[in-house]
Amino acid sequence: MNEKLIHLFLKRGVLISPNIVKDLDIEKSDNFFKILDSEILSKEKSPYLLSSEKFNEILKKSIISDNEMHSEPLKNKGNIIILKEYQENTDKKTVKDFTAHYKNRYEKLKGLLQGKRNLQNVISINRALNKKQREEVSVIGLISDKHITKNKNILLKLEDPTGSISVLINQNKEDLFEEAYNLTLDEVIGITGSMGNKIVFSNELILPGYPIHNEIKKSNEEVYMAVLSDIHVGSTMFLEEEFKKFINWTKGNEGNEEQKKIVKKLKYIFIVGDLVDGIGIYPGQEDELNILDIKDQYSKFTELIKEIRPDINIIICPGNHDAVRIAEPQPKISKELTKSLWDLPNVTMLTNPATVNIHSNEKEEGFDILLYHGYSLDYYINNIDKVRNGGGYDKPEVAMKYLLSKRHLAPSHGSSLFIPGKEDHLVIEKIPDFFLMGHVHKSGIDQAGKTTLICGSCWQSITPFQEKVGHKPETSKVQLVNLQTRKIKVMNFGK
Ligand code: D5M
Ligand code: ZN
Ligand code: FE
C-alpha cells in the first residue's frame, strides 16, 4: 500500500485493511477523500473502521462525481485536509434537542476532565448527594446557575445526567473565589470538596484546559500562512484601497526585496468570516452599503480574491455578516450565491466553526487549524471580569485563551445563537496548533500551550455604531506566520 495513501487515512483516524485500498489510485484520490470527509468523518468518531462495503460505495461515488466534474478546472486543494466541518441540519427543533445537545457537551467535556489530577475518583452527582457529611467528593457538572450569596460567597449549581448539586466557594479562599467568579454559565467543570448537607464545600475547581508544556510544532520548510478576517465588502466603509494593497503584496508587487522573497513562500491565506457586509444585518444598514445586492457583494469579493496567486491556498469560513443562517454551526456560504468563488481552484470553503489540517506530507504531519469567526467574543468581553479587565476589546486574545481553557467556543447559552442537536459542535475536542478568530475588528496574538491564538483585524473603517459604543477597530493588519520558526510578523497595509 502506497505510503502516502496510508498517511492520508491515518491522518484522519481511519483504519482500513490494506488489501481493500489497492483499488484506490493515489492520483485520483482527492475526490474519494472529499466524500469520505464530508459524508462519513464529519459524523463519526475517530478511530473509524472503514469497511470494504463503505469503501466501495465511496469509491464509486468519487468516480461518478469525478466524471461529472471533468470539464471543470482541476481543484488544487494542495494538502488541505478538512478534519471537522458540519452538515446542515434543518429538522424542526424541540426541547429534546436542547437536552441532547447539553448532554453531548457534558459527555465530551467529561471525557477531557476525567483522569485529571483530583478527578480520578469522580462520582455522579446523584451518588455525591448520598454521601455522609464531611466526606471528600469530586464531581463533574455543567454550571446551570451561579450567584453570590448574601454572605458574599459564590454558590454554583452543577448538573450532570443524574441530578444537580449546590457548590459553595467561600470568599476567604481568595484564589479559588476569583477563579469561580470568572466562571461562565453552561461550562463544564470538575470540583472537589467536602460534603455538607446536600452541598459541596469546594476546595478546588478543575477546568478542561490545555497542556501548558506541549511542544510547539514547526515545519521543516520555510513556508508562511497569513490570517485575515472581516473584509466587509459592500460596506461604504470597506477599505478597498488597503485591501488591494494586500492583494498586490501577495503578487509580489509591494514591499522590499526581502518581503518579495518571503511572499513567494506564502502558501496559505485564512479568511475567518465576514467576507461581505451583507444585507439586512442591522436596522438601517442600507445607508451604510454601497453594494445593495448580496450576490454583487460576493462577486466583488471574488473579483478581489481571484487576483491572489493561484498557488496560494485560500481557506474561508463564514461570519455573522455572511449570507448564511446566524445560528452556529454556520453552514458554508452557498454555491448559488458565490459560484465564482467556489469555482476558484485554490479556494476551500468551510463551515463556521471548522478544523483543517494544512501542509502535511510524507515527512510532516502538518498543522491543525481551528477557525471560528467569533460571534461569542462580545459576550465574554462584556460579561466576564477577567476578560474585560484583561484587555477587553483591545486584547481579543485574552477572550480566546479563556475559551480555549473552557474547551468550548461559546459555552454560555446567551453568548451565541446555536442549533441544538445530537452533537455540540462548538466543543474544542482536540487542541489545535492554531486557533483563528475575527469579529471584534482588533488583531491579537498569543500563545497558549502548543496553540497559537490569532485574531484577525478588519478591512472596514469605524462604523457609526462602533463610534457610539467606543469600539476602536484596528484596520488593514495581516498576521504573517512563518511555519518553520513559528515567528509572527504583523503586516500593516494601512495608509
Ligand atoms: O462586528 C464588529 C464588532 O462590532 C463586534 O465586536 C460586534 C460589534 N458590533 C457591530 N455592530 C453591532 C451591533 N449593531 N450591535 C452590537 N454589536 C455590534 P461585525 O460582526 O464584524 O460587524
Ligand atoms: Zn466584522
Ligand atoms: Fe463579525
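This one's a predicted model, so the numbers in the text were calculated from it and none came from an experiment. (Residues numbered from 1 in each chain as written. Chains lettered and ligands numbered in written order. Predicted model: local features only at pLDDT ≥ 70, side-chain atom pairs only at ≥ 80, totals over all residues. Heavy atoms only, no water.)

## Brief notes about the overall build of the chain
Okay, step 1: Counting its secondary structure elements, the chain contains 15 helices and 19 strands.
Okay, step 2: Whereas a compact globule of 495 residues would reach a radius of gyration of roughly 23 Å, the chain reaches 24 Å, a difference of no more than 12%.
Okay, step 3: Overall, the C-alpha framework of the chain stretches about 75 × 65 × 45 Å when taken along its three principal axes.
Okay, step 4: A fraction of 69% describes how many contacts in the chain between residues 6 or more apart in sequence connect residues 24 or more apart.
Okay, step 5: Only carbon and sulfur atoms are counted for the fraction: they give 50% of the accessible area of the chain, which is about 22900 Å². (Helix = DSSP H or I, 4+ residues; strand = E, 2+ residues; numbered from the N terminus. Rg over C-alpha atoms; globule rule 2.2 N^0.38 Å. Contact = heavy atoms within 4.5 Å. Areas by Shrake-Rupley, 256 points an atom, 1.4 Å probe, with all protein chains shown as cover.)

## Side note on the confidence of the model for the chain
Okay, step 1: Chain-level pLDDT for the chain is 92 on average; 96% of the residues reach the 70-or-more range.
Okay, step 2: Scored below 50 in pLDDT, residues 68–76 makes 14 contacts in the model with residues more than four places away or belonging to other chains. (pLDDT = per-residue confidence, 0-100.)

## Some thoughts on helix α7 (residues 174–181)
Okay, step 1: Taken residue by residue, α7 has Leu 176, Phe 177 and Ala 180 as its buried positions. End-on view of α7: buried residues confined to an arc of 100°, all on one side of the axis. Turned more than 90 degrees away from the buried face of α7, the exposed residues are Glu 174, Asp 175 and Glu 178.
Okay, step 2: Residues of α7 that are buried in the fold lie against β4 (136–148), β5 (154–160), β6 (163–169) and β8 (199–206). (Buried < 20%, exposed > 50% of the residue type's maximum accessible area, 1.4 Å probe, protein only. Arc of directions from axis to C-beta.)

## Describing the packing of helix α8 (residues 240–250) against helix α10 (residues 294–305)
Okay, step 1: Contact geometry for α8 and α10: axes closest at 10 Å, N-to-C directions at 35°. Contact with α8, carried on its side by Glu 240, Phe 243, Lys 244 and Ile 247, involves Lys 300, Leu 304 and Ile 305 of α10 and no other residues of that element.
Okay, step 2: A per-class count over the contact of α8 with α10 returns four nonpolar, no polar and three charged. (Axes fitted to C-alpha atoms, helices over the stretch in contact; angles between N-to-C directions. Nonpolar A, V, L, I, M, F, W, Y, C, P; charged D, E, K, R; others polar.)

## Topic: the coordination of the zinc ion (ligand 2)
Okay, step 1: With distances of 1.9 to 2.5 Å, the protein atoms coordinating the zinc ion (ligand 2) are Asp 230 (OD), His 232 (NE2), Asp 274 (OD) and His 441 (NE2).
Okay, step 2: Spacing between the donor residues of the zinc ion (ligand 2) along the chain follows D-x1-H-x41-D-x166-H.
Okay, step 3: The distance between the zinc ion (ligand 2) and the iron ion (ligand 3) comes to 3.3 Å, with Asp 274 serving as a donor to both metals. Of the two residues, His 232 is situated in the loop between β9 (224–228) and α8 and Asp 274 in the loop between β10 (266–272) and α10; the sequence distance between them amounts to 42 residues.
Okay, step 4: Looking at His 232, the relative accessible area reads 1%, which means it is buried. (Donors = N, O, S within 2.8 Å, 3.2 Å for Na, K, Ca; no water.)

## So, the sheet that holds β8
Okay, step 1: The mixed closed barrel is built from five strands, whose spatial order is β4-β5-β6-β8-β7. Each adjacent strand pair in this sheet contributes to an overall mean axis angle of 55°, direction not counted.
Okay, step 2: Pairing of β4 with β5, which is carried by six bridges, proceeds in the antiparallel orientation. Residue pairing in the sheet places Ile 148 in a bridge with Ile 154 of β5.
Okay, step 3: Sheet strands in contact with helix α5 (residues 95–113) are β4, β5, β7 (188–195) and β8, and its direction is about 135° off that of β4. (Pairing = 2+ DSSP bridges.)

## Quick word on the side chain of Thr 184
Okay, step 1: When you line up the elements, Thr 184 lands in the loop between α7 and β7.
Okay, step 2: A relative accessible area of 2% means that Thr 184 is categorised as buried.
Okay, step 3: Reaching out from Thr 184, the side chain makes a polar contact with the side chain of Ser 412 at a distance of 2.4 Å. (Polar contact = N/O pair within 3.5 Å; in protein donor to acceptor, adjacent residues only side chain to side chain.)

## So, the packing of helix α1 (residues 3–11) against helix α3 (residues 30–41)
Okay, step 1: α3 packs onto α1 with a crossing angle of 15° between their chain directions and a minimal axis gap of 12 Å. One finds that α1 runs roughly parallel with respect to α3. For the element pair α1 and α3, the recorded crossing hand is right-handed. Residues Leu 5, Leu 8 and Phe 9 of α1 lie in contact with α3, whose contacting residues are Phe 32, Phe 33 and Leu 36.
Okay, step 2: Class assignment for the residues of the contact of α1 with α3 results in six nonpolar, no polar and no charged. (Parallel < 35°, antiparallel > 145°, perpendicular 65-115°, else oblique. Left-handed = near helix turned anticlockwise from the far one by under 90°.)

## Things to note about the nonpolar core
Okay, step 1: If you look at the biggest cluster of nonpolar residues, it comprises 39 residues, and the most contacted ones within it are Leu 228, Phe 243, Phe 246, Ile 271, Phe 301 and Ile 305.
Okay, step 2: Here the element with the most residues in this core is α10; it accounts for five residues.
Okay, step 3: Apart from the residues within four sequence positions on either side, Ile 271 is in contact with Leu 228, Ile 231, Phe 301, Ile 305, Ile 314, Ile 315, Ile 316 and Cys 317. (Core = buried A, V, L, I, M, F, W, Y, C linked by side-chain atoms within 4.5 Å.)

## Section: the site of ligand 1
Okay, step 1: Lining the immediate surroundings of ligand 1 are 13 residues, of which Asp 274, Asn 320, His 321, Asp 378 and His 441 lie closest.
Okay, step 2: Within the side chain of Asn 320, an N or O atom sits 2.7 Å from an oxygen atom of ligand 1.
Okay, step 3: The contact in question runs from an oxygen atom of ligand 1 to an N or O atom on the side chain of His 439, over 3.2 Å.
Okay, step 4: When isolated, ligand 1 has an accessible area of 470 Å², and the protein chains bury 75% of it.
Okay, step 5: Taken together, the residues of the shell around ligand 1 break down into three nonpolar, seven polar and three charged. (Near = heavy atom within 4 Å.)

## A closer look at the coordination of the iron ion (ligand 3)
Okay, step 1: The iron ion (ligand 3) binds to the protein through Asp 274 (OD), Asn 320 (OD1), His 373 (NE2) and His 439 (ND1); the donor distances cover 2.1 to 2.3 Å.
Okay, step 2: Note that the iron ion (ligand 3) binds six donor atoms; their angles at the metal cover 56 to 172°, and the shape is irregular.
Okay, step 3: When the donors of the iron ion (ligand 3) are listed by position in the chain, the intervening gaps give D-x45-N-x52-H-x65-H. (Tetrahedral: all angles 85-135°; square planar, octahedral: opposite > 155°, others 65-115°.)

## Focus: the packing of aromatic side chains
Okay, step 1: Overall, the coordinates contain 18 aromatic pairs when judged by the stated rule.
Okay, step 2: Both rings, one in Phe 246 and one in Trp 459, keep their centres 6.0 Å apart while their planes meet at 45°; by these two values the pair is tilted. Of this pair, Phe 246 sits in helix α8 while Trp 459 sits in the loop between β17 (451–455) and α15 (464–469), placing them 213 residues apart in sequence.
Okay, step 3: Given the relative accessible area of 0%, Trp 459 is considered buried.
Okay, step 4: A connected cluster of aromatic rings, assembled from ring pairs, spans Phe 238, Phe 243, Phe 246, Trp 249, Trp 459 and Phe 493. (Phe/Tyr/Trp six-rings, centres within 6.5 Å; stacked < 30°, edge-to-face > 60°.)

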